[in-house]
Amino acid sequence: MLWDVPRIELNAHQVKDLPDAPAVYVLWRGDAPIHAGFVTRLTQSLRERLLMHVAPEGEDVTPGGPTHFSYFLTDNPIKKLGDLLPVLDAAPKEREAKL
C-alpha cells in the first residue's frame, strides 16, 4: 500500500495545486519515510502544511530533510494515519529483509 503510492518531488510548484481536503501525508528522504502527519479542514490545508517543509526557492533541500511526499485524501485522517503507522514502523525491516 505505502510503497505503491507515487512519491512527488517536494517543491512549491508541486504543492501549490494540492486539494484543500482532509488528508494524511508522508514525507520521504529518498526511499525512506521520515515523517507522517495529517490535516483536517479545521487545521491547515494540505498545501499549507507541506509548504512548511519546502526549502526556499534556490536553496538545496535541508540536509536530512524531506525530498518527496505522498498523500492520501480521506474523510478520517486520524484513522488513516493510525492504519499507516504500523506500515511505516515495519517498512525498514521489511525492506532490509528483501535486500
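Residues numbered from 1 in each chain as written. Predicted model: local features only at pLDDT ≥ 70, side-chain atom pairs only at ≥ 80, totals over all residues. Heavy atoms only, no water.

A.B. asks: What is the right way to read the overall build of the protein from this model?
C.D. replies: Scanning the protein from terminus to terminus reveals 3 helices and 4 strands. Buried residues in the protein amount to 31% of all 99 residues. If you take every contact in the protein between residues at least 6 apart in sequence, the share linking residues at least 24 apart comes to 74%. Here the protein has roughly 6300 Å² of accessible surface; of this, 53% comes from carbon and sulfur atoms. (Helix = DSSP H or I, 4+ residues; strand = E, 2+ residues; numbered from the N terminus. Buried < 20%, exposed > 50% of the residue type's maximum accessible area, 1.4 Å probe, protein only. Contact = heavy atoms within 4.5 Å. Areas by Shrake-Rupley, 256 points an atom, 1.4 Å probe, with all protein chains shown as cover.)

A.B. asks: Would you mind showing me how to read the confidence of the model for the protein here?
C.D. replies: Detailed reading of the predicted coordinates is not advisable wherever pLDDT is low. Per-residue confidence for the protein gives a mean pLDDT of 81; residues scoring 70 or more make up 79%. For the protein, helix 3 (residues 77-98) is the element with the lowest average pLDDT, namely 71, and strand 4 (residues 68-73) is the one with the highest, namely 93. Below pLDDT 50 for its whole length, residues 93-99 participates in 4 contacts with residues either more than four positions away or in separate chains. (pLDDT = per-residue confidence, 0-100.)

A.B. asks: I would appreciate a short explanation of the pairing of strand 4 in the present structure.
C.D. replies: For a regular strand, the rule is simple: side chains alternate between the two faces of the sheet. Here strand 1 (residues 8-9) runs beside strand 4; their pairing, made up of 2 bridges, is antiparallel. Across the sheet, residue E9 finds its bridge partner in strand 4, namely H68. (Pairing = 2+ DSSP bridges.)

A.B. asks: How should I be thinking about the side chain of S70 in this particular structure?
C.D. replies: Within the fold, S70 resides in strand 4. Taking relative accessible area as the criterion, S70 reaches 0% and is therefore assigned buried. If sequence neighbours within four positions are ignored, S70 has contacts with V5, P6, R7, V24, Y25, V26 and W28.

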